[in-house]
Amino acid sequence: MPTSRIDTRFAKVKAEGRAALVAYMMAGDPDLESSYQALCALRDNGADAIELGAPFTDPMADGPAIQKAALRALANKTSLSDVLALAKRFREDDQETPLIMMGYANPVHKMGYEAFAAAAADAGIDGTILVDLPPEEDQPIRDAYAAHDLSVIRLATPTTDEARMAKVADGASGFLYYVAVAGVTGAGSADPEEIRSGVEMAQRVSGLPVCVGFGIKTGEQAVAMAKIADGVVVGSAFVEQARLASVAKTPQVTAEKMGQLALELSTALSGGVPAK
Amino acid sequence: MELRNTWDQWPDENGRFGEFGGRYVAETLMPLILDLETEYRAAKQDPAFAAQMDDLWAHYVGRPSPLYFAERLTEHFGAAKIYLKRDELNHTGAHKINNCLGQVLLAMRMGKTRIIAETGAGQHGVATATVCARFGLKCVVFMGETDVERQKPNVFRMKLLGAEIVPVSSGTGTLKDAMNEALRDWVTNVHDTFYCIGTAAGPHPYPELVRDFQSVIGKEARAQILEREGRLPDAVMACIGGGSNAIGLFHPFIEDEDVRLIGVEASGHGIETGQHAAALNGGAPGILHGNKTYLLQTDDGQIIDAHSISAGLDYPGIGPEHSFLRDTGRAEYLTCTDEEALEAFQLCTRLEGIIPALEPSHALARVGEVAEDLGKDGMMILNMCGRGDKDVFSVAEALGVEI
Ligand SMILES: Cc1ncc(COP(=O)(O)O)c(C=O)c1O
């Protein structure tokens, strides 16, 4: 397997002696043009990798902020193909920033795992996190992704014991997404000390970078979490910026607001030095 | 494919019925559903568990429910003999309690102290709240906002029983959203909470264990008909929401391949209108709520809201075993519109003095045609899975009567 964008990026971040900032945004919220601007703004303000949310009507693992973002994107008729087209547009002039599509299994299943894998690779997607495809059920995507060097990014949680972690690690690539709190996205935050041993175990068993997410909203929280992880994922806080912009009926401001937050977070993670 | 003798061996060790079923849940829930499976296997082997269930079924629920020869319905159609399995006589008025008792006893074995449930019509919510009251457990019921509005009597019943009702406004505020919200609560409270799912759907092992608990219906019916008629029926029929009452009736007959298994889905305003709840007749395979099964969905894989006059059938999916039985041809699935169900509701009430719930009214609506198909010498059992007291307000409204 050629070295993936994800591997290259995590190696670079590690060499810089810091944790990666992984930013999540919902594609199509409030519209695709704003999302494109937002992708660029996130990258320009220090996001090391971007999780591109694919909207689904029934996001079981998400709290209200991301649920509503998905409904806004769907109200705007954002399809899975639109999400891929958005990625492809971003790839036209960015060959380095890893793009991970995050969503639920059904839209991908409906498109067909093979067809999706080919289209995602063509769009420059580097991997996916499909929340409701645990290791027991993701063999079909592993098979489909193999030919396209797409990463299967798995979730680990505080309920994952060491035996289970071996199962989670087997077949995973890119990085592991460590869900810090048992709960939905946007809920309360975890105490880094409480999950430190779980994250270490995940790193040891998987040999992959481990990014911690769920409940991280501020630079301060990100810095605290960065001490125990290879990366921090911030989601609902970015989605909230998109919502504020769309409530104010200024979608063009979405990118600006999301960029500001990315800058705050990436600066904090770099020990106070602004990105680029 | 050698299918004979294999029908009752599903699901396989991966929780699959053919390609359907499985465990499509977020990682947070995986350890829990694996535990649940282990605990369920242990309970199944434990005579004390069975004895406790039997005792509660007999003295709390009122089992066995009668198998009743519906003489006047039979006369009305003038064809095959029609029997009704009277599960509407159960405590709380529907088959739902069969399953709730089983799950709540399992929850207690697992040391869980808080029970959550989703409900549409409110029947499963009432049954869960009832069993929780009986055992002194905390009960939280998630119910779509729209359903809270159209099922007020059941909402009050649940409150009387000590349950907390959480109205769900996310999505479209119906059963599927209540289920999403219950799953969200569950991932948040895995340590002390048990999710009591109301139908034979969800991640493995739920479809299997709900089926097993509901199979008391079919086991009784099978013994009762053999005693009454000295032979097996030609067909057994039931309505399909998520499919629990149907699979409970079907399963004990599943190896008897001469017995036709007939499910009836709600086609609402008609399949062609797009406003229906017939996942098998108007949907496609997909992944939702922990299992792979037929679903109402768009070409882009987004879930479409179901519509049915019956809140208990108003669900865009169906239990995975039904998807399997349909694709293999072992069972047949018919449909019934809102209007046809209303007519059947009135017919049964007038002819038999039994006010059926709107859910089994859907199966009743197809009974005449099936009886005719079976002919004069034929015989069939229909699952009267719920009583209609809860529905009199919505029926009055649909008929334009003010009460
Ligand atoms: C009386 C009655 N019948 C049927 C159903 C549908 O569920 P299932 O298909 O799981 O039996 C319900 C659900 O609320 C119900 O209340």
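Just so it is clear, the model here is predicted, and its values are computed rather than measured.

1. Brief notes about the overall build of chain B
Tallying secondary structure elements over chain B gives 17 helices and 14 strands in all. For 403 residues, the compact-globule estimate of 2.2 N^0.38 gives 22 Å, and the C-alpha radius of gyration of chain B, at 19 Å, lies within 12% of that figure. Here the C-alpha coordinates of chain B stretch approximately 55 × 50 × 45 Å along the principal axes. Side-chain charges of chain B comprise 36 positive and 58 negative groups, with the mean position of each set lying 4 Å from the other.

2. Looking at the pattern of salt bridges
If you walk through the whole model with that rule in mind, you get 49 salt bridges over all chains. Across the pair aspartate 126 of chain A and arginine 91 of chain A runs a salt bridge whose closest N-O atoms are separated by 2.8 Å. Taken together, the positions of aspartate 126 of chain A in the loop between helix H6 (113-122) and strand S4 (127-130) and arginine 91 of chain A in helix H4 (residues 80-92) put the pair 35 residues apart, joining distant regions of the chain. Assigned by exposure class, aspartate 126 of chain A and arginine 91 of chain A land together as buried. The partner of lysine 292 of chain B in a salt bridge is glutamate 19 of chain B, and the shortest N-O contact between them spans 3.1 Å. Here the residue lysine 292 of chain B occupies a position in strand S12 (residues 290-295), and glutamate 19 of chain B occupies one in the loop between strand S1 (16-17) and strand S2 (20-24), the gap between them amounting to 273 residues.

3. Digging into helix H10 (residues 216-229) of chain B
Compared with an ideal rise of 1.5 Å per residue, which puts 14 residues at 20 Å, H10 of chain B spans 20 Å between its outermost C-alpha atoms and is within 8% of the ideal. Taken residue by residue, H10 of chain B has Val216, Ile217, Gly218, Glu220, Ala221, Gln224 and Ile225 of chain B as its buried positions.

4. Considerations on the interface of chain B and chain A
Chain B puts 38 residues into the contact, and the matching count from chain A is 36 residues. Together, the buried faces of chain B and chain A total about 2,800 Å²; carbon and sulfur atoms form 53% of this surface. For chain B, the biggest contributors to the area lost against chain A are Glu27, Arg184 and Ile287 of chain B; these three give 24% of the whole. Across the chain B-chain A interface, the total number found is three salt bridges. Salt-bridge contacts for arginine 164 of chain A lead to glutamate 27 of chain B; the nearest nitrogen and oxygen are separated by 2.7 Å. For the interface between chain B and chain A, the tally reads 17 residue pairs in polar contact (both at pLDDT 80 or more). Contributions of two or more residues to the side of chain B that touches chain A are made by S2, helix H1 (30-45), helix H8 (175-188), strand S11 (284-288) and S12 of chain B.

5. Some details on the site of the ligand
Residues and elements named next belong to chain B. Near the ligand there are 17 residues, and of these Thr199, Gly241, Gly243, Ser244 and Asn245 occur at the shortest range. Contacts to the ligand include asparagine 245, whose side-chain N or O atom sits 2.8 Å from an oxygen atom. Starting from 390 Å² of accessible surface for the ligand in isolation, the protein chains cover 97%. Among the secondary structure elements, those contributing two or more residues to the shell around the ligand are strand S9 (235-240) and helix H11 (244-250). A per-class count over the shell around the ligand returns five nonpolar, 10 polar and two charged.

6. Overview of the sheet that holds strand S14 (residues 379-383) of chain B
Residues and elements named next belong to chain B. A sheet is described by the order of its strands in space; here six strands give the open sequence S3-S4-S14-S9-S10-S13, paired in mixed fashion. Only two strands of the sheet have a single partner each, and these edge strands are strand S3 (67-69) and strand S13 (331-337). Direction aside, the axes of adjacent strands within the sheet are offset by 25° on average. Examined bridge by bridge, S9 and strand S10 (residues 260-268) share six bridges and lie parallel to one another. Residue pairing in the sheet places methionine 237 in a bridge with isoleucine 262 of S10. Packed on one face of the sheet, helix H13 (residues 320-328) meets S9 and S13 and runs near 110° to S13. Sitting on the sheet, helix H14 (residues 338-352) is in contact with S3, S10 and S13, with an inclination near 95° to S13.

7. What to know about helix H9 (residues 206-214) of chain B
The buried fraction of H9 of chain B is high, at nine of nine residues. Taken as a whole, H9 of chain B has its buried residues at Tyr206, Pro207, Glu208, Leu209, Val210, Arg211, Asp212, Phe213 and Gln214 of chain B.

8. Remarks on the confidence of the model for chain B
Model confidence for chain B is summarised by a mean pLDDT of 96, while 99% of its residues fall at 70 or above. When the elements of chain B are averaged for pLDDT, helix H6 (residues 145-150) of chain B gives the smallest value, 86, and strand S4 (residues 81-85) of chain B the largest, 99.

9. Notes on unusual backbone geometry
Residue and element names in this part refer to chain B. Here the bond from tryptophan 10 into proline 11 is cis, since omega is 0°, no more than 30 degrees from zero. In this model, histidine 204 is joined to proline 205 through a cis peptide bond whose omega is 10°. On the secondary structure map, proline 205 appears in the loop between strand S8 (193-195) and H9. A positive phi angle is found at threonine 92, which is not glycine, with a value near 75°. Inspection of the secondary structure assignment puts threonine 92 in the loop between S4 and helix H4 (96-109).

10. Topic: a nonpolar patch on the surface
All names here are of chain B. On the surface, Ile355, Val392, Phe393, Leu399, Val401 and Ile403 cluster together into a nonpolar patch covering about 550 Å² of accessible area. Here valine 401 lies in the segment after helix H17 (392-398). A relative accessible area of 44% places valine 401 in the partly exposed class.

11. Details of the sheet that holds strand S2 (residues 49-53) of chain A
Strand order in the open sheet formed by nine strands is S5-S4-S3-S2-S1-S9-S8-S7-S6 (chain A), with parallel pairing between adjacent strands. Either end of the sheet is taken by a strand with one partner, and the two such strands are strand S5 (151-152) and strand S6 (154-156) of chain A.

Reading the values: rules and limits
- All residue numbers here refer to positions counted from 1 along the written sequence of the relevant chain.
- The order in which chains are written sets their letters, starting at A; the order in which ligands are written sets their numbers, starting at 1.
- A pLDDT threshold of at least 70 governs which residues receive local features in this predicted model, and a stricter bar of 80 or more applies before side-chain atom pairs are shown or counted, although totals over entire chains, interfaces and linings include all residues.
- Values reported for side chains reflect all heavy atoms of the structure, with hydrogen atoms and water molecules removed beforehand.
- Counting from the N terminus, the helices are the DSSP runs of H or I reaching at least four residues and the strands are the DSSP runs of E reaching at least two.
- The globule rule is 2.2 Å times the number of residues to the power 0.38, and the radius of gyration it is compared with is taken over C-alpha atoms.
- All tallies of charge rest on Lys and Arg as positive and Asp and Glu as negative; His and the ends of each chain are not included.
- To locate a charge, take atom NZ for lysine, CZ for arginine, CG for aspartate or CD for glutamate.
- Any Lys or Arg side-chain nitrogen found within 4 Å of a carboxyl oxygen on Asp or Glu counts as a salt bridge.
- Accessible area is worked out with a 1.4 Å probe on protein chains only. A residue is then buried under 20% of its type maximum, exposed over 50%, and partly exposed in between.
- Expected span, for any helix, means 1.5 Å times one less than how many residues it has.
- Two residues form a contact once any of their heavy atoms are found within 4.5 Å.
- Here the quantity called buried area is the total loss of accessible area, with a 1.4 Å probe, experienced by two parts when brought into contact, counted for both.
- Between N or O atoms, a polar contact is any pair within 3.5 Å; within protein, one atom must be a potential hydrogen donor and the other a potential acceptor, and residues adjacent in sequence are included only when both atoms are from side chains.
- Neighbouring residues are identified by heavy atoms, a residue being near a molecule or strand if any of them is within 4 Å of it.
- Each accessible area is a Shrake-Rupley estimate made with a 1.4 Å probe; only the visible protein chains count as cover when residues are assessed.
- The residue classification treats Ala, Val, Leu, Ile, Met, Phe, Trp, Tyr, Cys and Pro as nonpolar and Asp, Glu, Lys and Arg as charged. All others, Gly included, are polar.
- Strand pairing is assigned whenever DSSP identifies at least 2 bridges connecting the two strands.
- Only the contacting stretch of a helix is used when fitting its axis, a line to C-alpha atoms as for every element, and angles between N-to-C directions run 0 to 180 degrees.
- The predictor's confidence in any single residue is recorded as pLDDT, a number from 0 to 100.
- Each patch is built from salt-bridge-free residues with over 30% relative accessible area, joining like charges within 9 Å and nonpolar side chains (Val, Leu, Ile, Met, Phe, Trp, Tyr) within 5 Å.

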